[in-house]
Amino acid sequence: MRIVLLGPPGAGKGTQAVRIAEKYAVPHISTGDIFRANVKEGTPLGLKAKEYMTKGLLVPDELVCDLVEDRVSKEDCANGYLLDGFPRTVFQAEHFDAFLKAKGEEIDYVLDIEVAEEQLLPRMIGRRVCRNCGKPYHVDFFPPKVEGVCDVCGGEVYQRDDDREETVKNRFRVYQEQTAPLIEYYTGSGKLAPIDGAKGQDEVFGEICALLG
Ligand code: AMP
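A. View of the environment of Lys23. One can find Lys23 in helix α1 (residues 13–24). Taking C-alpha positions, Lys23 is 15 Å from Leu5, a pair spaced 18 residues apart along the chain. Among residues more than four places away in sequence, those in contact with Lys23 are Phe205 and Cys209.

B. The environment of Pro87, seen in detail. Looking at the element boundaries, Pro87 is found in the loop between β3 (81–84) and α5 (90–102). Sequence separation between Pro87 and Val4 is 83 residues; the distance between their C-alpha atoms is 7.9 Å. Those residues in contact with Pro87 that lie beyond four places of it in its chain are Val4, Leu6, Gln92, Ala93, Leu182 and Tyr186.

C. Region of interest: the pairing of strand β1 (residues 2–6). Burial of β1 is extensive: five of the five residues sit out of reach of the surface. Of the two faces of β1, the one carrying Arg2, Val4 and Leu6 and the one carrying Ile3 and Leu5 are both buried. Across four bridges, the pairing between β1 and β3 is parallel. Of the residues in β3, the one forming a bridge with Leu5 is Asp84. The sheet contact formed by β1 and strand β4 (residues 109–114) spans four bridges and is parallel. Across the sheet, Ile3 pairs through a bridge with Tyr109, a residue of β4.

D. Looking closely at the sheet that holds β3. With parallel pairing, the five strands of this open sheet are ordered in space as β2-β3-β1-β4-β8. Two strands close off the open sheet at either side, each with one partner strand: β2 (28–30) and β8 (192–196). Sheet twist, expressed as the average angle between the axes of neighbouring strands with direction ignored, equals 20 degrees.

E. Representation of the confidence of the model for the protein chain. When the pLDDT values of the protein chain are averaged, the result is 94; 100% of them are 70 or greater. Between the elements of the protein chain, mean pLDDT differs from a low of 89, seen in helix α6 (residues 117–125), to a high of 98, seen in β3.

F. Structural view of the site of the ligand. Near the ligand there are 16 residues, and of these Thr31, Leu57, Gly85, Gln92 and Arg171 occur at the shortest range. A distance of 3.0 Å separates an oxygen atom of the ligand from a polar atom in the side chain of Arg36. For the ligand, an oxygen atom lies 2.7 Å from a polar atom in the side chain of Arg171. The biggest single contributor to the shell around the ligand is helix α2 (residues 31–41), with four residues. Considered class by class, the residues forming the shell around the ligand number seven nonpolar, four polar and five charged.

G. How the structure looks around the sheet that holds strand β6 (residues 136–138). Across the sheet, three strands lie side by side as β6-β5-β7; this open sheet has antiparallel pairing. The open sheet terminates on both sides in strands that have one partner only, identified here as β6 and β7 (157–158). Across two bridges, the pairing between strand β5 (residues 127–130) and β7 is antiparallel. Looking across to β7, one finds that Cys130 is bridged to Val157. The sheet contacts of α6 involve β5 and β6, and relative to β5 the element is tilted by about 40 degrees.

H. Summary view of the packing of aromatic side chains. By the definition in use, this model includes three aromatic pairs. Consider the rings of Phe96 and Phe99, whose centres lie 5.7 Å apart with planes at 25 degrees: the pair is stacked. Here Phe96 and its partner Phe99 are both found in helix α5, three residues apart, which amounts to about one turn of the helix. A ring pair is formed by Tyr185 and Tyr186, whose centres lie 5.0 Å apart and whose planes are at 80 degrees; its orientation type is edge-to-face. Here the aromatic residues Phe86, Phe96 and Phe99 are joined through ring pairs into a cluster of three or more. For the cation-ring pair, Arg131 lies above Tyr158, with the distance from its terminal atom to the ring centre recorded as 3.9 Å. When the ring centre of Tyr137 is taken as origin, the NZ or CZ atom of Lys135, which lies over that ring, is 5.4 Å away.

Calculation criteria
- Residues numbered from 1 in each chain as written.
- Predicted model: local features only at pLDDT ≥ 70, side-chain atom pairs only at ≥ 80, totals over all residues.
- Heavy atoms only, no water.
- Helix = DSSP H or I, 4+ residues; strand = E, 2+ residues; numbered from the N terminus.
- Contact = heavy atoms within 4.5 Å.
- Buried < 20%, exposed > 50% of the residue type's maximum accessible area, 1.4 Å probe, protein only.
- Pairing = 2+ DSSP bridges.
- Axes fitted to C-alpha atoms, helices over the stretch in contact; angles between N-to-C directions.
- pLDDT = per-residue confidence, 0-100.
- Near = heavy atom within 4 Å.
- Polar contact = N/O pair within 3.5 Å; in protein donor to acceptor, adjacent residues only side chain to side chain.
- Nonpolar A, V, L, I, M, F, W, Y, C, P; charged D, E, K, R; others polar.
- Phe/Tyr/Trp six-rings, centres within 6.5 Å; stacked < 30°, edge-to-face > 60°.
- Lys NZ or Arg CZ within 6 Å of the ring centre and 35° of its normal.

Listed below in structure tokens is the structure:
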């Protein structure tokens, strides 16, 4: 099963992705996580990506497509995968579709997690994450028991640069301009499934499971 997760920043793609990947036993491929890992390790890709990420801009298409196409060619993706945060532009979607077509493959589901923008801003600005194990928190909805300290591993709980207010506003603008057109791109493919992301995490997951079977 090859699944693409679409949706504006903060719609809960990452949270749902972890649950879907576990239930359907497919690798969770998050381009954002791959870039963040490269930034942390200071690789050449990370150094290039960081310039864009800290401003809330998209990393150039040519750096993204090869990366994803290499990743899904690995053995663990033979039975499918879940793409979280890719494609983000019509160019990426077209490039990836052509790549799949050449292998006689196609995407099975495009899940579009929909949430109104005014609900998302407070969700995102309050977001925190453990620097060590990546566990997500929220200052209002699920803060760590001790402020700034991860419940699981004791690591530092911090705010990602790209969750700061100015950057978040930029990410919404970029989403509207460059990623939202993907909804039209996938409409008519028969694969696009709108999911109401304004509900609670469990309800959203239930809706997704009902669809995927
Ligand atoms: P995310 O965690 O998916 O919100 O991604 C964090 C940041 O990584 C984004 O704001 C972009 O700068 C970059 N990024 C992730 N995926 C892509 C992509 N498919 N195309 C371009 N940039 C991306």
